[in-house]
Amino acid sequence: RYEPTWGSLDARPLPAWFDEAKFGIFIHWGVFSVPSFGSEWFWWYWQKEKRAPYVKFMEANYPPGFSYEDFGPLFTAEFFDPNRWADILKASGAKYVVLTSKHHEGFTLWGSKYSWNWNAVDVGPKRDLVAELATSVRNRTDLRFGLYHSLMEWFNPFFLEDASNVFKTRKFPTSKSLPELYEIVTKYQPEIIWSDGGGNAPDSYWNSTGFLAWLYNDSPVRDTVVTNDRWGVGSSCTHGGFYTCRDRYNPGHLLPHKWENCMTIDKRSWGYRRNAQLDDYLTTEDLVKQLVETVSCGGNLLMNIGPTHDGRIAVIFEERLRQMGAWLKVNGEAIYGTKPWRAQNDTVTPEVWYTFSPKEGKVNAVFLNWPVSGILDLGEPRAKLGETQVKLIGYKELLKWVALGEKGITIALPQLTPKQLPCQWGWTLQLTDIN
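What you see is a predicted model; the values in this text were computed from it and never measured.

**Q** Hey, could you run me through the packing of helix α5 (residues 82–91) against helix α12 (residues 315–331) in this one?
**A** Between two packed helices, both the angle of their axes relative to each other and the distance between the axes serve to describe the pair. Closest axis-to-axis distance for the α5/α12 pair is 7 Å, and the angle between their directions is 40°. The angle between α5 and α12 places the two elements in the oblique class. Note on element contacts: α12 touches α5 through Glu318, Leu321, Arg322 and Gly325, opposite Arg84, Ile88 and Ala91. For the contact of α5 with α12, a count of residues per class yields three nonpolar, one polar and three charged.

**Q** Please explain the domain arrangement of the protein chain as it appears in this structure.
**A** The extent of an interface is frequently quoted as the accessible surface area lost upon association of the parts. Domains assigned within the protein chain are domain 1 (6–334) and domain 2 (339–432). Each of domain 1 and domain 2 has a C-alpha centre, and these two points are 37 Å apart. Contact with domain 1, which involves 19 residues of that partner, is made by 20 residues of domain 2. Summing both partners gives a buried area of about 1,800 Å² for domain 1 against domain 2, and 65% of it is carried by carbon and sulfur. Viewed at the interface, domain 2 and domain 1 are joined by two salt bridges. For Asp19, the salt bridge identified is with Lys339, shortest N-O distance 2.8 Å. The interface formed by domain 1 and domain 2 contains eight residue pairs in polar contact (both at pLDDT 80 or more).

**Q** Please explain the UniProt feature "domain: Alpha-L-fucosidase C-terminal" (unreviewed entry) in the protein chain as it appears in this structure.
**A** The positions that UniProt labels "domain: Alpha-L-fucosidase C-terminal" (unreviewed entry) are, in the present scheme, residues 344–432. For residues 344–432, the helix share is 0%, the strand share is 38%, and the end-to-end C-alpha distance is 17 Å.

**Q** Where do I start with helix α10 (residues 208–217) in this structure?
**A** Since there are 3.6 residues in each turn of an α-helix, residues three or four apart along the chain are aligned in direction. Of all 10 residues in α10, nine are buried; the element is thus mostly enclosed. All of the buried residues in α10 are Ser208, Thr209, Gly210, Phe211, Leu212, Ala213, Leu215, Tyr216 and Asn217. The secondary structure elements touched by the buried residues of α10 are α1 (6–9), α8 (171–188), β4 (192–196), α9 (203–206) and β5 (226–227).

**Q** In this structure, what is going on with the pairing of strand β7 (residues 299–305)? I would like to understand it.
**A** Successive side chains on a regular strand alternate, one facing one side of the sheet and the next facing the other. Within β7, seven of the seven residues are buried, which leaves it mostly tucked inside the rest of the structure. Across the two faces of β7 the burial is the same, with Gly299, Leu301, Met303 and Ile305 and Asn300, Leu302 and Asn304 all buried. As paired elements, strand β1 (residues 23–27) and β7 share five bridges and run parallel to each other. Considered in β7, the bridge of Phe26 is made with Asn304. Sheet analysis places strand β6 (residues 259–264) next to β7, joined by six bridges and oriented parallel.

Rules used throughout
- Residues numbered from 1 in each chain as written.
- Predicted model: local features only at pLDDT ≥ 70, side-chain atom pairs only at ≥ 80, totals over all residues.
- Heavy atoms only, no water.
- Axes fitted to C-alpha atoms, helices over the stretch in contact; angles between N-to-C directions.
- Helix = DSSP H or I, 4+ residues; strand = E, 2+ residues; numbered from the N terminus.
- Parallel < 35°, antiparallel > 145°, perpendicular 65-115°, else oblique.
- Contact = heavy atoms within 4.5 Å.
- Nonpolar A, V, L, I, M, F, W, Y, C, P; charged D, E, K, R; others polar.
- Domains from an automatic or database assignment.
- Buried area = accessible area lost by both parts, 1.4 Å probe.
- Salt bridge = Lys/Arg side-chain N within 4 Å of Asp/Glu carboxyl O.
- Polar contact = N/O pair within 3.5 Å; in protein donor to acceptor, adjacent residues only side chain to side chain.
- UniProt positions renumbered as here; feature names shortened; annotations may be inferred.
- Buried < 20%, exposed > 50% of the residue type's maximum accessible area, 1.4 Å probe, protein only.
- Pairing = 2+ DSSP bridges.

Put into structure tokens, the structure is as follows:
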């Protein structure tokens, strides 16, 4: 059994499925999807920081005295079709999904008995959005279902009171945050608890170690659940299951501890923005590059989309997800279930990233630029004459190669028209019998 101490909890082995999965989808959905302007931090930027664009937006479009709470009934989700969402998630090639069950605004997407009249069953959709998505994902896909949960709430009076007492009182975690966490685990059995929003309070204020000890020892998901590292001041990148360290974290080198790069397709926001421009969205090429870099350095990629207030996954997000899936259909062998190789990227040719498939003993070299010459030089692999074989995934014949002295190999790529290429946005060479 795990003790409620970081020493004991951090010794728990991470369930193997998480490292094998490599790719997940993050979904930021909530009342902030109604104004869908600027950022999911809309309430904070408008009311607390009084940032000019937000204040002007409200003055121009809403009557005087309109409060953030008035957005609640406008969060309608009338087009939310959980089966359709599940099908899009499946098509993306992702192996898990993480939904915001509650963001810093405190609005829960399930009918929480600890969030009276500020949840999706009492207000707005009048539906248990968490339950509906969980059911569809489990019935229609093999994705693992996870939930994001914000510990703090910006404007909750109990939280503000505790903060003014320098967190010496614990009214908010005992009456709201912790009961909610127990509630979602018991009710929906998520296999990922993605915690966030420590609110400058120590983990002792949140009783994070007490909750995690229960989660790992006695909860219905104790054998398969994974958690991140955001459990209060000082825990990020140090304690918990996998490390997220900070948003959009992509170190570019191998880390000793399992980590996750959580990032957004919309470069500027996690929630949906009606005012987004086309070049605010990462291209599929950008996304494939992020995935390959992240996986070769031992990480998972958690790629975020923001649905609309009426429950649609915007067409641009759907396209990006389906294109990732199309790429993974061809190159999945170089991603799923792989381990980092002795080298992460190539020393001779830039934009070549390596992974290793332990079962097959293959080295995968994913190259993001097809060389004009049709010749690809790799500085890292040590080839063996008469033994090493080089294959382009999605192409039938073996490729010709010559060794470059002690270390390195020159490979002749096939001459293909764009239509004959196995895929777009990056290609994988599989090398067998490499020293």
